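# Survey of secondary and tertiary structure
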Amino acid sequence: MNEIFEGRVAIIGLGYIGLPTAVALATRGVEVVGVDVNEATVKAVANGQVPFIEPDLAVAVSGAVTMGSLTASTVTPEADAFIIAVPTPFLDNHEADMSYVRAAVEQIAPRLRGGEIIVLESTSPPGSTENVSRWLEELRPDLNPAHASEGLPDLHVAHCPERVLPGKIMIEMITNDRVVGGITQECARRAASIYRVFCLGEILLTDAASAEMSKLVENAYRDVNIAFANELSLISEDLNLDVWEVIKLANHHPRVNVLTPGPGVGGHCIAVDPWFIVGASPELTPLIRAARAINDSKPHHVAEQLIVKTARFREPTVACLGLAYKPNIDDLRESPAVAIVDEIAATLPDLDIRVAEPFVHVLPHALSTHDNVQLQPAASAIADADIVLLLVDHDHFRSLSRSRLEGKVVYDTRGVWR
């Protein structure tokens, strides 16, 4: 029986996943309270504004707030369902930092009355949803989460990993298939009723650990394939070949689809999630570990190559185009572009570096500490530059006239200006 959820939903975390999820539910008539520890984020959402750039999100947030179906608060309310969408970064040893998830559970526990659905959306290592259930048992010994009861539990705990592409979140939130894994089958069934409110894709029910692992596998698969492309770029550079031409030709084979190389891998998913698999089975993951090493080393390689190019000039000026981890968004999390500019600026403190990033208005902290780095519009940065380093293939950069590059040394890490 494909039930559709009715009731109030509290979404813990109003970031890149939590806020779009809140909007997807609220615009379809569900009462949603978005909760965040950041007062500026809460204030913005309460006023119908968005704290980050994502196509179509601003209009949807404004509409949901105007309808009265979306509110925001720093305090977790009582609700019929809770969705946890907080960060799960990795620690220095590459283990998952689950402290944000634990804090969310601690906020939720006092509000429970029995019968609620608790969904973990945060990308997490296998076993995390089971931990959420056990934490709830510790915090509310008067209630029985799924694993603690052979009969009908008081709390229904499940995992539903997000699988959307930044820049297309509002489309893919609706159209993509979803995996819902429960501590029990009944937990999965009840959690799935929430996503049936807005999801047009297939909803696949499974156990919680398999749902957790499926998300990690998706991103590790991408990471391994990007690493292959990045390694090809290093080999092609050594052999004086055009890697994009080589890949284009290879992809004419009917069973080959090599991805395109770049300056590294960023974002909170592909650059992070493979480590959760490595942490779960450290002796059985040499391929995944090697892929991470290749992709993590690429920013250093790009920085080294740029530094070599500066030796051609007495007092060169370098234009670095792009800081986001992927095109047409403002997300700088784990961005290889930021790491590259940071390394160049630290290695050559007298080098004049002009950074152009159309989606941000101030330099991130990692770059603002360098006296030789300044943020400029792309046109003026390129005009003053001897060397142009393309790090992100924003449409804004793709549309620039090639005539602006005449007489300059161009280092294109994205293959835009081949």
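Residues numbered from 1 in each chain as written. Predicted model: local features only at pLDDT ≥ 70, side-chain atom pairs only at ≥ 80, totals over all residues. Heavy atoms only, no water.

Spelled out, the test is: UniProt positions are given in the numbering used here, feature names are shortened, and annotations may be inferred rather than shown by experiment.
The name given to the protein in an unreviewed UniProt entry is UDP-N-acetyl-D-mannosamine dehydrogenase, and the organism recorded there is Aeromicrobium chenweiae. The UniProt entry for the protein carries this comment under Sequence similarities (unreviewed entry): "Belongs to the UDP-glucose/GDP-mannose dehydrogenase family."

### Thoughts on the domain arrangement of the protein
So the rule is basically this: Each domain's extent is set by a domain assignment, obtained either automatically or from a database. Contacts between residues were defined by any pair of non-hydrogen atoms, one from each residue, lying within 4.5 Å. The term salt bridge refers to a pairing of a side-chain nitrogen on Lys or Arg with a carboxyl oxygen on Asp or Glu at a separation within 4 Å.
Per the domain assignment, the segments of the protein are domain 1 (8-201) and domain 2 (218-412). Summarising the inter-unit geometry, the C-alpha centres of domain 1 and domain 2 are found 33 Å apart. Across the contact, 16 residues belong to domain 1 and 15 residues belong to domain 2. Where domain 1 packs against domain 2, one counts 1 salt bridge.

### Quick word on the packing of helix H1 (residues 18-26) against helix H3 (residues 57-67)
Operational definition: Between N-to-C directions, angles span 0 to 180 degrees; the directions come from axes that are lines fitted to C-alpha atoms, helices contributing only their stretch in contact. The secondary structure listing takes helices from DSSP runs of H or I that are at least 4 residues long and strands from runs of E that are at least 2 residues long, numbered from the N terminus. An angle below 35 degrees is read as roughly parallel, one above 145 as roughly antiparallel, one from 65 to 115 as roughly perpendicular, and any other as oblique. By the definition used in this description, the sense in which the near helix is turned from the far one sets the handedness, with an anticlockwise turn below a right angle giving left-handed and a clockwise turn giving right-handed. Gly counts as polar in this scheme, as do all residues outside two lists: the nonpolar Ala, Val, Leu, Ile, Met, Phe, Trp, Tyr, Cys and Pro, and the charged Asp, Glu, Lys and Arg.
Running from N to C, H1 and H3 point in directions that differ by 50 degrees, and their axes come no closer than 9 Å. As far as their axial angle goes, H3 and H1 are oblique. Considering the relative orientation of H1 and H3, their crossing is left-handed. Judged by residue contacts, Leu19, Pro20, Val23 and Ala26 of H1 engage Leu57, Ala60, Val61, Ala64 and Met67 from H3. Here the contact of H1 with H3 is composed, by residue class, of 9 nonpolar, no polar and no charged.

### What about a nonpolar patch on the surface?
Convention followed: Only residues whose relative accessible area exceeds 30% and that form no salt bridge enter a patch; like-charged residues are grouped when within 9 Å of one another, and nonpolar side chains (Val, Leu, Ile, Met, Phe, Trp, Tyr) when within 5 Å. Surface exposure here means Shrake-Rupley accessible area, sampled with a 1.4 Å probe, where a residue is shielded only by the protein chains that are shown. Three exposure classes are used, based on accessible area relative to the maximum for each residue type with a 1.4 Å probe and protein chains only: buried under 20%, partly exposed in between, and exposed over 50%.
A cluster of nonpolar residues, Ile235, Leu239, Leu241 and Val246, forms a patch on the protein surface that exposes about 340 Å² of accessible area. On the secondary structure map, Leu241 appears in the loop between helix H8 (208-238) and helix H9 (243-250). According to the relative accessible area criterion, Leu241 is partly exposed, its value standing at 47%.

### Notes on the sheet that holds strand S9 (residues 317-321)
Either a parallel or an antiparallel arrangement is found when strands of a sheet pair, and the pairing is made through backbone hydrogen bonds. Basically, it comes down to this: The pairing criterion for strands is at least two bridges between them, as found by DSSP.
Pairing is parallel in the open sheet, where 5 strands are placed in the order S11-S10-S9-S12-S13. Of all the strands in the sheet, the pair left with one neighbour each is strand S11 (373-375) and strand S13 (409-412). Neighbour to neighbour, the strand axes of the sheet diverge by 20 degrees on average, direction disregarded. In the sheet, strand S12 (residues 387-390) pairs with S13 via 4 bridges, with the strands oriented parallel. Residue pairing across strands places Leu390 opposite Asp412, the latter belonging to S13. Here helix H12 (residues 336-347) sits on the sheet and contacts S9, strand S10 (352-356), S11 and S12; the angle it forms with S10, its principal contact strand, is near 165 degrees.

### A look at the nonpolar core
Quick reminder of the rule: For our purposes a nonpolar core is just a set of buried Ala, Val, Leu, Ile, Met, Phe, Trp, Tyr and Cys residues, chained together by side-chain atoms within 4.5 Å.
Formed by 44 residues in total, the largest nonpolar core has its most connected members in Leu25, Leu70, Ile194, Tyr195 and Phe198. If you tally residues by element for this core, the top one is H1, at 6 residues. Setting aside chain neighbours within four positions, we find Leu25 in contact with Val9, Ile11, Val30, Val32, Ile83, Ile194, Val197 and Phe198. With 35 residues, the next largest nonpolar core counts Val33, Val101, Trp275 and Ile288 among its residues.

### Focus on H9
Going by this rule: This arc describes the spread of directions from the helix axis toward the C-beta atoms. Any pair of nitrogen or oxygen atoms within 3.5 Å is treated as a polar contact; in protein, a donor-acceptor pairing is required on top of that, and neighbouring residues in sequence qualify only through side-chain atoms on both sides.
Turning to H9, its buried residues are Val243, Trp244 and Ile247. Projection of H9 onto a plane perpendicular to its axis shows the buried side chains occupying an angular sector of 95 degrees, all on one side. Check the buried side of H9 and you find it contacts H8 and S13. Two to three positions downstream of the cap, the backbone nitrogen of Trp244 sits 3.0 Å from a side-chain oxygen, assigning the N-cap of H9 to Asp242.

### Points about the sheet that holds strand S4 (residues 81-84)
Spatial ordering of the open sheet is given by S3-S2-S1-S4-S5-S6-S7-S8, a layout of 8 strands whose pairing is mixed. The open sheet has two edge strands with one neighbour each: strand S3 (70-73) and strand S8 (203-207). Going across the sheet, the axis of each strand differs from the next one's by a mean of 25 degrees, ignoring polarity. As defined by bridge partners, strand S1 (residues 8-12) adjoins strand S2 (residues 31-35) across 5 bridges and the pair is classed as parallel. When the bridges of S2 are listed, Ile11 appears paired with Gly34.

### Some points on the packing of H8 against helix H10 (residues 273-280)
Two elements in contact, H8 and H10, have axes whose closest approach is 8 Å; the angle formed by their N-to-C orientations is 115 degrees. By the criterion of interaxial angle, the relationship of H8 to H10 is roughly perpendicular. The interaxial crossing formed by H8 with H10 has left-handed handedness. Here Met213, Lys215, Leu216, Val217, Asn219, Ala220 and Asp223 of H8 lie close against H10, whose contacting residues are Asp273, Pro274, Phe276 and Ile277. Of the residues assigned to the contact of H8 with H10, the class counts are 7 nonpolar, 1 polar and 3 charged.

### Structural notes on the environment of Ala64
Mapped onto the secondary structure, Ala64 falls in helix H3. Of the residues examined, Ala64 reaches a relative accessible area of 0% and is grouped as buried. For the pair formed by Ala64 and Val30, sequence separation is 34 residues and the distance between their alpha carbons is 9.9 Å. Sequence-distant contacts of Ala64, that is, excluding residues within four places in its chain, are made with Ala26, Thr27, Ser69 and Leu70.

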